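# Close look at the chain arrangement
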Amino acid sequence: MTINVHYKLTRMSVESDKGSYHQRVFMISPEKTHAEYLDTILAHHQHNANNLLQILIAAQDVHGYIHSDAIDHLSEQMALPRSKIEGVAGFYSFLHLQAAGDYRVLFSDNITDRMAGNIDLMKSLCSQLWVEPGKLSEDGLVCVGTTSCTGMCDQGPGMLVNNIAINHITAERINAIAELIRERVPLSAWPASFFAIEDNIRRRDILLNSQIQPGAALKAMLARGDNATLQEIKTSKLRGRGGAGFSTGMKWEFCRDAAGDAHYVVCNADEGEPGTFKDRVLLNGYADTVFEGMTLCARIIGAKQGFLYLRGEYRYLLPHLQAVLQKRRGQNLLGTSILGHEGFDFDIAIHLGAGAYICGEESALIESLEGKRGTPRNRPPFPVTHGYLNCPTVVNNVETFASTCLITTHGGAWYSGIGTETSCGSKILSVSGDCERPGLYEYPFGVTIAQVLADCGAQDTQAVQVSGPSGVCISADEFNRRIAFDDLATAGAFMIFNQTRDMFEVARNFVHFFAHESCGFCTPCRVGTQLLSNMMDKLADGNGSPYDFTEIEKLNVLLQSTSHCGLGHSACNPVLNTIEKFRPAYDKRLAHKDFIPAFDLDRALSQARQMTGRDDTGAHLESSHESK
Amino acid sequence: MNQNKTFTLDGKTIPYTEGQTIIQAAMAAGEYIPHLCFNPELKAHGSCKLCTVKANGRQTASCTQQPTPEMVVESDTQELNDERRALLQMLFVEGNHFCPSCEKSGDCQLQATAYVLKMMSPHYNQFYPDRPVDASHPEYLLDFNRCILCSLCVRASRDVDGKNVFALSGRGIKSHLIVNAKSGQLADTDFCDADKAAHVCPVGVILKKRVGFATPIGSRSFDELPISATPHPQGACPVCPRSDAATLPPHPKSRGA
Amino acid sequence: MNTPVKPKLRVATTSLAGCFGCHMAILDIDERLLDLLQLVEFDRSPITDIKHCGPCDIGIIEGGLCNAENVHVLREFRANCKILIAIGACAINGGLPAQRNHLSLSSILEEVYHAQHGLVDGFIPNDPELPLPLDKVHPIHEVVKVDYFIPGCPPSGDAIWKVLTDLLAGREPELGHGLIHYD
């Protein structure tokens, strides 16, 4: 009988949940209201389907989710099928098609956040607010969950509340946040100190020390000539700072020479690789230099339009960046006839991402810029010939564009003299994890891991993850290796793990990250990252045997050989690396000689036990049944 | 057109013309490369990865990769077939593929491909996703349990029918097929039997009602011969569902009409 | 010259969450069963009515796992059989019984024993003799290691014959076109 009552209660609560949902919808959504705010948004974005993602982000801001009636209106006004709009909205984890709470709290879940105790903090917040992780509270007030690295590893644990970053979360801060949410205090009235974000620049070299006046690089280019400037960039041997390291000068030249109706410049500020946060700081303190680098590129390739694709997690930077753009327009550094040169017309628009790591892949980024699902394209053709709107497009990293200003003002030969023979100039590292002084460290290329560890005050270091989960994990015997394209190429992430850390758990966190961020386009990555994730969980749950280990190794091979893009190819790197270098962390999880199930058989009987009230021996199962 | 260009596929010389992909040239020459998301009547997608081959030693999807002169392509090798089988097993555990209850059984490309690749079990743990069936439409049924996200219906509806009845939503393992209706139901779309999209599903998702067993089990497409040996009419793919709709007059709503 | 008498291989069979259709299919080997009996003898099986499986060379399992007893039987087979064969859709992917997997077990029991039309004062049976249902139905390879699979619902007698004779002859079993079937 008690069971009966329990079920009735559950059913009632479900119904009341529905009730409140409908009430809320009814309260806020007479058809007219949607049309009103949407028309303003649509007008701002010229009803352009390429701006669909931006329109959806703006539409969501109004009610915290995109209402079904709002999609009707957008579909009608933009002449787009509803299925397309829902397909796009459904791709991005920060967009919601159902009510997702007045307060949407997402804890950053990078391994560095884990090490700083984010899970306990999340549990505390959930229990204070009487909610389950990932589920909207019955009154529709709040939803608490996790999200991929928010790019605040130097000041974690981090979280996003309605997509605005809050860092340095402590138990006290959680208590305060619970109270603010319960009292329904609007985010704008929360203590400003919560939203403080530090730059944490710890070591400056050529780029972070530079004080290029706005316009100085442009003037240098105009004085030298476009071709000569391109030549300087080629002479500098600058290579892309996003990690792949393609020659910037060659990319610009290919793009300039590619035929197309228009040419485009895109700055990839979708800094999603867990453990990377340098672009955040560059955009905060060096936005002029970044925009100026984009403008140099525009002049050389003949582009009139540029885009900065800013990851949704850095949305707090938007007002600042818009202000810098506005100032540059005022200074005639953007707009028409830049610095009085007729025909030198260029402007930059900022597009926001909405929680999709894959959009850091350049062709997926371009799809996203075009207002689509962020699925990587089939390549070739490459963006330099067929990019945005199928036109020749340069996509470069934030740091790359900033560096081109240095080269333009100081000359290519000067730049190529810094660093190593094949890796010229400097690299900014985002240092986090087990060290005394996390933050940004800029070095000439060629710096050793040991040097970085010494500088940031790392003690007793067991391993460093260079270039994030898709990069490489290196152990203590390799700390003499160098940051350089021909040794350890990196986009900048540098996560440090001391001897107390469990490298299996590090790899498991990364595998979960890839499964969460797989775009789902190709079979091996969509299903394989999930399978890999489940297999690592099986080991973590103590159900591992040598069989599972073999399975993981087979899956690694399959993902690497058949995946559509780099995400699938690198999803197994963390596992392969840690198996190779930290094998004991795995061995201790292969405790069983024989295969045992991934799930707990006894727990699989718990619902039946509860429903029948039985607890006799026959109502239980041993979880493992090892043959001797 | 220069007809002299050739590449080799598992040692056989295959002629190709400019613009053809490896799989297109192979099909024209009567060679079978396993595939699911490719249908010669639609733009290639490259997502299922079943058609992965080694072209000059590098693995690539043969439906999107164009050959180069003298390219050495390997397809029917144990290594590649083992990988393809694993991909099939992923598709089988990702959805709910219960062949005994599926009226597409015997005509299903997923099943037939798994037969030729000798998939004896799904190998991995089943996901058993919850995917409700949409039986709202008077003429058609959508059983999402069997969807392999090949997007052929999406492409057919968008590129041929000019309708966008279908789209993919969600991301990663949560990717799923949706229809173009506020209710989420096929009955509320302009989908109809004349649509190309009604006839391209390689598995048992888009099913015409009341004709499921018109062809008895035992007399179906892949009963007599395996999918790899099904005869080849005019260089078209023998195994991909070919729509009669292709010969129908264009739908009044189709693009450009 | 005397050829030594080869000891017969011991074979056990059982049906877990299945419909015995696969066992009927074993009988579809027809008169070849007589040939088979020259080579094998049956341990636990519906054919012999032996209740527990002893040491065997081959164990054949029909059906998936839907309750605690299925798990006990499967483990007994795995512990005793050198080679374990999953036969039929249910053993291989859960089959028909697994069609309940998208529902919660509590809602199923609730529906069947409490809510269903015509039930008065229904209660969920709690006799300790009854095996408790698992919250989900599982194929057997998710719980023990399985060596070979014979798909089909049911597989044909010919397919079963092929796999068994391959194994008896020491060949890797292989089903060609027409014998490999999932339906």
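Residues numbered from 1 in each chain as written. Chains lettered and ligands numbered in written order. Predicted model: local features only at pLDDT ≥ 70, side-chain atom pairs only at ≥ 80, totals over all residues. Heavy atoms only, no water.

### Some details on the overall build of chain A
Spelled out, the test is: The numbering of helices and of strands both runs from the N terminus, where a helix is a DSSP run of H or I of at least 4 residues and a strand a run of E of at least 2. Both definitions apply: the radius of gyration is a C-alpha atom measure, and the globule rule equals 2.2 Å times residues to the power 0.38. Type-normalised accessible area, obtained with a 1.4 Å probe on protein chains alone, sets the label of each residue: buried when under 20%, exposed when over 50%, and partly exposed for intermediate values. Contact between two residues is taken to exist if any of their heavy atoms lie within 4.5 Å; hydrogens are not considered. Per-residue accessibility takes into account occlusion by the displayed protein chains alone, with areas from the Shrake-Rupley method and a 1.4 Å probe. As used throughout, the charge tally considers Lys and Arg to be positive and Asp and Glu to be negative, leaving His and the chain termini uncounted. The atoms used to mark charge sites are NZ of Lys, CZ of Arg, CG of Asp and CD of Glu.
What chain A contains, in helices and strands, is 25 helices and 14 strands. In summary, chain A has a C-alpha radius of gyration of 26 Å against a globular reference of 25 Å for 628 residues, a match within 12%. Expressed along its principal axes, the backbone C-alpha trace of chain A runs to roughly 90 × 65 × 45 Å. Counting over 628 residues, chain A shows a buried share of 60%. Residue pairs at least 24 apart in sequence account for 72% of intrachain contacts in chain A once pairs closer than 6 positions are excluded. With the model as given, the accessible surface of chain A reaches about 23,100 Å², and the carbon-plus-sulfur share is 52%. Within chain A, the 71 negative side-chain charges are centred at a point lying 1 Å from the centre of the 56 positive side-chain charges.

### A closer look at the packing of aromatic side chains
Any aromatic ring pair is given by two values, namely how distant the centres are and how the planes are angled relative to each other. Residues and elements named next belong to chain A. Quick reminder of the rule: Each pair of aromatic rings taken from Phe, Tyr and Trp, with Trp reduced to its six-membered ring, is defined by centres within 6.5 Å and is described as stacked if the planes are under 30 degrees apart, edge-to-face if over 60, and tilted in the remaining cases.
Scanning all chains against the criterion turns up 21 aromatic pairs over all chains. Arranged with centres 4.7 Å apart and planes meeting at 70 degrees, the rings of Tyr 357 and Phe 513 form a pair that is edge-to-face. Placement of Tyr 357 in the loop between strand E8 (347-352) and helix H15 (362-369) and of Phe 513 in helix H19 (residues 503-517) is noted, with a sequence separation of 156 residues between them. Of the two residues examined, Tyr 357 and Phe 513, each falls in the buried class. Each member of the aromatic cluster is reached from another via a ring pair, and the members are Tyr 264, Phe 307 and Tyr 388.

### Remarks on the domain arrangement of chain A
Residue and element names in this part refer to chain A. We apply this condition: For the domain bounds, the source is a domain assignment made automatically or taken from a database. Defined in terms of a 1.4 Å probe, buried area is the accessible area two parts forfeit on being brought together, summed over both. What makes a salt bridge here is a side-chain nitrogen of Lys or Arg within 4 Å of a carboxyl oxygen of Asp or Glu, nothing more.
Once the domains are mapped, chain A shows domain 1 (28-91), domain 2 (103-198), domain 3 (202-416) and domain 4 (504-587). Measuring from the centre of the C-alpha atoms in domain 1 to the corresponding centre in domain 3 gives 29 Å. Contact with domain 1, which involves twelve residues of that partner, is made by 19 residues of domain 3. Summed over both sides, the interface between domain 1 and domain 3 buries roughly 1,200 Å², with carbon and sulfur atoms accounting for 52% of that surface. Inspection of the domain 1/domain 3 interface yields one salt bridge.

### Quick look at the pairing of strand E1 (residues 6-9) of chain B
All names here are of chain B. Rule in force here: For two strands to be treated as a pair, DSSP must find at least two bridges joining them.
With four bridges connecting them, E1 and strand E2 (residues 12-15) associate as antiparallel partners. Directly across from Thr 6, in E2, lies its bridge partner Pro 15. Judged from the two bridges that link them, E1 and strand E5 (residues 72-74) form a sheet pairing that is parallel. The partner of Leu 9 across the bridge, within E5, is Val 73.

### Some points on the interface of chain C and chain B
Where we set the bar: Each polar contact in these results corresponds to two N or O atoms within 3.5 Å; when the atoms are within protein, one needs to be able to donate a hydrogen and the other to accept it, and residues that are neighboring in sequence are counted only if both atoms are side-chain atoms. Any residue outside Ala, Val, Leu, Ile, Met, Phe, Trp, Tyr, Cys, Pro, Asp, Glu, Lys and Arg is labelled polar, Gly included; the first ten of those are nonpolar and the last four are charged.
Taken together, the contact between chain C and chain B spans 25 residues of the former and 26 residues of the latter. For the pair chain C and chain B, the summed buried surface comes to about 2,200 Å²; carbon and sulfur atoms form 62% of the total. The interface formed by chain C and chain B holds zero salt bridges in total. At the junction of chain C with chain B, the criterion picks out eleven residue pairs in polar contact (both at pLDDT 80 or more). The leading source of residues in the side of chain C that touches chain B is helix H4 (residues 89-93) of chain C, at three residues. When the residues that make up the side of chain C that touches chain B are grouped by side-chain class, the tally is twelve nonpolar, ten polar and three charged.

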